[in-house]
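This is what each chain is made of:
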Amino acid sequence: QVRLVESGGGLVQPGGSLRLSCTASGTIISNYIMRWHRQAPGKQRELVAGITNGGTTNYADSVKGRFTISRDNAKNTVYLQMNSLEPEDTAVYYCNGIRGSIGYWGQGTQVTVSS
């Protein structure tokens, strides 16, 4: 059974940083495109960042220059380093792994940016 488990969310003040982790079990993420999505209350889920199995990254315009996605295939884990956080970044963040037509989602981790 494939599982993706996110961790690292929490409450942070504006301008602060958090690092999210997504660890997979039951599969090897080196074969997957890995993505982070987020969903704020009352809004649709949106793609935040992605990384291919070759290490190519892409970001939503709203997070470029502030967020960094990376992967450690040896640890079967993908990360999202979030700096200069803004209240608008408040959302549940979800990890997503894709290989061909197969996709898996984690359960999400809450990030709240507030003073």
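Everything numeric here is computed off the predicted structure, so don't read it as measured data.

Visitor: I would appreciate a short explanation of the overall build of the protein chain in the present structure.
Guide: Looking only at helices and strands, one finds zero helices and 11 strands in the protein chain. The N-to-C order of helical and strand elements in the protein chain reads β-β-β-β-β-β-β-β-β-β-β. By the compact-globule yardstick of 13 Å for 115 residues, the protein chain fits well, its C-alpha radius of gyration being 13 Å. With the C-alpha coordinates of the protein chain rotated into their principal frame, the extents come out at 40 × 25 × 25 Å. Per-residue burial for the protein chain yields a buried fraction of 41% across its 115 residues. Intrachain contacts of the protein chain at a sequence separation of at least 6 include 53% that bridge at least 24 residues. In the protein chain, 11 positive and 7 negative side-chain charges are present, and the distance between their average locations comes to 8 Å.

Visitor: Even after reading the chapter, I still don't get the state of the cysteines, so can you show me in this structure?
Guide: For the coordinates displayed, the defined rule picks out one disulfide. Covalently, Cys22 is tied to Cys95 through a disulfide, its sulfur atoms 2.0 Å apart. Disulfide Cys22 to Cys95: torsion about the S-S bond roughly -80 degrees, handedness left-handed. Separated by 73 residues along the polypeptide, Cys22 in strand 3 (residues 18-25) and Cys95 in strand 9 (residues 91-99) bring together distant segments of the chain. Overall, the relative accessible area of 0% leaves Cys95 in the buried class.

Visitor: Where do I start with unusual backbone geometry in this structure?
Guide: A negative phi holds for most residues other than glycine; trans holds for most peptide bonds. Although it is not a glycine, Asn76 sits at a positive phi angle of roughly 55 degrees. Inspection of the secondary structure assignment puts Asn76 in the loop between strand 7 (67-72) and strand 8 (77-82). Residue Asn76 is classed as buried on the basis of its relative accessible area of 13%. A positive phi is found at Ser84, a non-glycine position, where the angle reads about 50 degrees. Following the sequence through the fold, Ser84 ends up in the loop between strand 8 and strand 9.

Visitor: Would you explain the pattern of salt bridges in this entry?
Guide: If charged atoms from side chains of opposite charge come close, those side chains can pair. The full count for this structure, using the stated rule, is five salt bridges. Arg38 is paired through a salt bridge with Asp89; the nearest N and O atoms lie 2.9 Å apart. Placement of the pair is Arg38 in strand 4 (residues 33-39) and Asp89 in the loop between strand 8 and strand 9, with a sequence separation of 51 residues. Assigned by exposure class, Arg38 and Asp89 land together as buried. When salt bridges that share partners are traced, they join Arg38, Glu46, Arg66, Glu86 and Asp89 into one network.

The rules behind these values
Residues numbered from 1 in each chain as written. Predicted model: local features only at pLDDT ≥ 70, side-chain atom pairs only at ≥ 80, totals over all residues. Heavy atoms only, no water. Helix = DSSP H or I, 4+ residues; strand = E, 2+ residues; numbered from the N terminus. Rg over C-alpha atoms; globule rule 2.2 N^0.38 Å. Buried < 20%, exposed > 50% of the residue type's maximum accessible area, 1.4 Å probe, protein only. Contact = heavy atoms within 4.5 Å. Lys, Arg positive; Asp, Glu negative; His and termini not counted. Charge placed at Lys NZ, Arg CZ, Asp CG, Glu CD. Disulfide = S-S within 2.5 Å. Salt bridge = Lys/Arg side-chain N within 4 Å of Asp/Glu carboxyl O.

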